[in-house]
Amino acid sequence: MLISERDGIFILETENTHYVMGVNCEGELNHLHWGKKCPVEDYFCTYKPWERSSNHSARDFGKTEYLSYGGAVYRPVALTCTYADRCRETMLTYKDFNISEQDGAFLLEIILEDKPYRLEASLFYRLREGTDIIERWSVIRNCSDSTVVLGKIASGEFNFPSKRPYTSTNFNGTWLAEFRKEETVVKNGSLVYESRKGGSDHTVSPFFVLSQNADERQGDVFFGALAWSGNFKVEVSRDCVGVTRAVIGINDFDFSYNLHPTEEFVTPSVYCGYVQGYGKMSNLMNDYAVEYILPRSFAKEPLPVLYNSWEATWFNVNSLGQQKLAEIAAELGVELFVMDDGWFGKRKDDHAGLGDWYVNRLKFPRGLKPLIDKVTKLGMKFGLWFEPEMVNPDSDLYRSHPEWTYHYDTRTPTRMRDQLVLNLTREDVQEFVFSCMDDMLNEYDISYIKWDMNRSYSETGAENLENPQELWYRHTKAVYEIADRLKEKHPGLQIECCASGGGRADLGALSHFDMVWTSDDTDPIDRLQIQDGFSLIYPTKSMRAWVTDTNRGSRPNDWDFRFNVTMQGSLSIGGNLLKYDKRELKIHKDYIALYKRIRNTVQFGALHRLANFAKDSIYANEYVYGNQCVLFLCTDVTSFFNDKFYHIKLAGLEEDAVYKFEHEGKELTLSGAYLMNVGLDYEMGGTLESKIVIFEKVQ
Ligand code: DGJ
């Protein structure tokens, strides 16, 4: 790991890659290389931009590191602003750089400036030992005496080396079907993935993955994931001479920001890298997130097996009913009991109560104490659901503070799920939201909060702000700050981020929350795709997954299948335990015990996707960690009835080590070399079959 500068050429050297920039004769910062290492570092040189014709300007075709809107430029840019004299063009040129070392990481800051307006843009690049991930972000600084209105402030611009079109991967999801991978070949124009809803949303996700001829193990893959849970924009474009670029950051839709004299704006980080194969990308990001992104308190601890009451009791929670569930959950080996929606205010369905975060005395006549005492006596921790950013018009909060919502006096508010969004850019609202949760945490022994958010924003009037267009940014910042404050004040607290399933499941959320709820769809067949998509770039342990009673009529699946799918994330139980017979309870108990045996491997291990479902008709996911390797095999409804025989070669084992495992009823010991190079035959029974095989290294 190294950062060097010579004659205006900056070389970032990670474990296996080089990222190179240089200042050209016009003072522009050009992008020069990103990819495999180049041994002859001296030969990197900048080029003089040239005009191709009066229709194609030099500035438009250059490979720039952070292009601003100004001069003859017509493609997606990273920065736009309006100065006090109404000039809407920004011309950034190189000013200076700093290289420093901080906690074992190297940091490069390249300072660009728009001299006449004394505006600075610092581009930051952080490198850490032993990884190919580079963390990038930008800081815009107003060193002048007048306010500058920022219109767009991306975290970074990226240029890709090949002139051939890249395949862009993102998701094509919806509520109940998040993280479904979709590939698009970007031949011309721009492909935009964005959210304008307030959260990062269920449809697409804030990252770019651009590849050529890639599969799990090979082919060029460039990626960058943004740590931001609000409106974002990823613009991937290919120009008429075949240069592909990506600009990624906070969305400029309905956004602007007043940067006053002496102030600076810090963008969210984007974590980027170049690797060979998607598998490498997933594992790099997984390890990096555990090591550096997830909140420190629990990043390296395995997550507990939790029970969540939602699908068992819906809004119909009460003290005795929850205690009965808790008794069974504890018996099964559950470690954390989470009571979901319904415990507060006048909540009996989704039409009332949000905002009234006090215990409903009809359902809990003596408060939550009897339930929590019971849960803790049973040896479990207790968790509670909140939807802190929202209010139902039918609530005491709304009746006393209707002005606390985003609104325009002249418009009728859109009531999605019969609720409105609180104006979290107001300090009094932030304080209210914080203290509602803080009060409950002070009064009760609560170790876990599920923070939900079930609608997008609309009628986004925020007259408290000097510039109301800052609300999208300020709201997300406030969410992060409240979560951080709660964690700081209550050190043992874990927080799950949920937004009607996976509507806020991104690296921004994962910098402040310990885990995310990936989808309200708990059908294991659908989950195969949802989990596969999530694992592309997000860390396995952060993915909560529930085993529930979901068993859609036409595609019944057994408990083994549900557990074998769900155990590939952080195992949770979500069914109505009161309805299970002895056999079903024993299945739960046995699987929970099994999961505890393998959870370090699943939550922290390297993931090897051994099959490609589209070609092989099976999901074969292997997790390797320390001396253990766990293989999950799952077919789905579209697997061919007669596709019964699969040949599986493992990966990531030690060639010379010997592994003990069970194969078709027999105990075997075989070398890593055999398992990886010769492989094993597995017979599956057709559709919706599953198996789990545990390999333990014995020597
Ligand atoms: C949406 C979440 O995704 C569910 O898990 C549940 O918490 C409900 N909200 C409760 O209203």
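A few points on the structure. If you're wondering where the values come from, they're calculated on a predicted model, not measured in any experiment. (Residues numbered from 1 in each chain as written. Predicted model: local features only at pLDDT ≥ 70, side-chain atom pairs only at ≥ 80, totals over all residues. Heavy atoms only, no water.)

A few words on the sheet that holds strand S26 (residues 448-451). With parallel pairing, eight strands are arranged side by side around a closed barrel as S21-S22-S23-S26-S27-S28-S29-S30. Neighbour-to-neighbour, the strand axes of the sheet open up by a mean angle of 30°, direction not taken into account. In the sheet, strand S28 (residues 515-517) pairs with strand S29 (residues 543-547) via two bridges, with the strands oriented parallel. The residue of S29 that forms the bridge with Trp 517 is Arg 544. (Pairing = 2+ DSSP bridges. Helix = DSSP H or I, 4+ residues; strand = E, 2+ residues; numbered from the N terminus. Axes fitted to C-alpha atoms, helices over the stretch in contact; angles between N-to-C directions.)

Looking now at the packing of helix H5 (residues 319-332) against helix H6 (residues 369-377). At a minimum axis distance of 9 Å, the contact between H5 and H6 shows a crossing angle of 5°. With respect to their mutual orientation, H5 and H6 come out roughly parallel. On H6, the residues touching Ser 319, Gln 322, Gln 323, Ala 326 and Glu 327 of H5 are Pro 370, Leu 371, Lys 374 and Val 375. Residue composition of the contact of H5 with H6, by class: four nonpolar, three polar and two charged. (Parallel < 35°, antiparallel > 145°, perpendicular 65-115°, else oblique. Contact = heavy atoms within 4.5 Å. Nonpolar A, V, L, I, M, F, W, Y, C, P; charged D, E, K, R; others polar.)

This next bit is on helix H2 (residues 278-293). In terms of burial, H2 is largely enclosed, as twelve of its 16 residues are buried. When H2 is considered as a whole, its buried residues turn out to be Tyr 278, Gly 279, Met 281, Ser 282, Asn 283, Leu 284, Met 285, Asn 286, Tyr 288, Ala 289, Val 290 and Ile 293. (Buried < 20%, exposed > 50% of the residue type's maximum accessible area, 1.4 Å probe, protein only.)

As a further point, take the environment of Phe 298. Locating Phe 298 in the fold gives a position in helix H3 (residues 296-299). With a relative accessible area of 11%, Phe 298 lands in the buried category. Separated by 53 residues in the primary sequence, Phe 298 and Arg 245 have C-alpha atoms spaced 36 Å apart. Residues within four places of Phe 298 in sequence aside, it is in contact with Lys 487, Pro 491, Gly 492, Leu 493, Gln 494, Asp 514 and Lys 541.

Looking now at the packing of helix H8 (residues 427-443) against helix H9 (residues 471-489). Orientation of H8 relative to H9, taken along the N-to-C sense of each, is 25°, at an axis distance of 10 Å. The angle between H8 and H9 falls in the class roughly parallel. Handedness of the crossing formed by H8 with H9: right-handed. Facing Gln 430, Glu 431, Val 433, Phe 434, Met 437, Asp 438, Leu 441 and Asn 442 of H8, the residues of H9 in contact are Ala 478, Ile 482, Arg 485, Leu 486 and Lys 489. (Left-handed = near helix turned anticlockwise from the far one by under 90°.)

Moving on, we come to the site of the ligand. Around the ligand, 14 residues are found, and the nearest of them are Asp 340, Asp 341, Lys 450, Asp 452 and Asp 520. In this structure, an oxygen atom belonging to the ligand sits 2.7 Å away from a side-chain N or O atom of Asp 341. Here the ligand loses 98% of its free accessible area of 300 Å² to cover by the protein chains. Counted by class, the shell around the ligand contains five nonpolar, three polar and six charged residues. (Near = heavy atom within 4 Å. Polar contact = N/O pair within 3.5 Å; in protein donor to acceptor, adjacent residues only side chain to side chain. Areas by Shrake-Rupley, 256 points an atom, 1.4 Å probe, with all protein chains shown as cover.)

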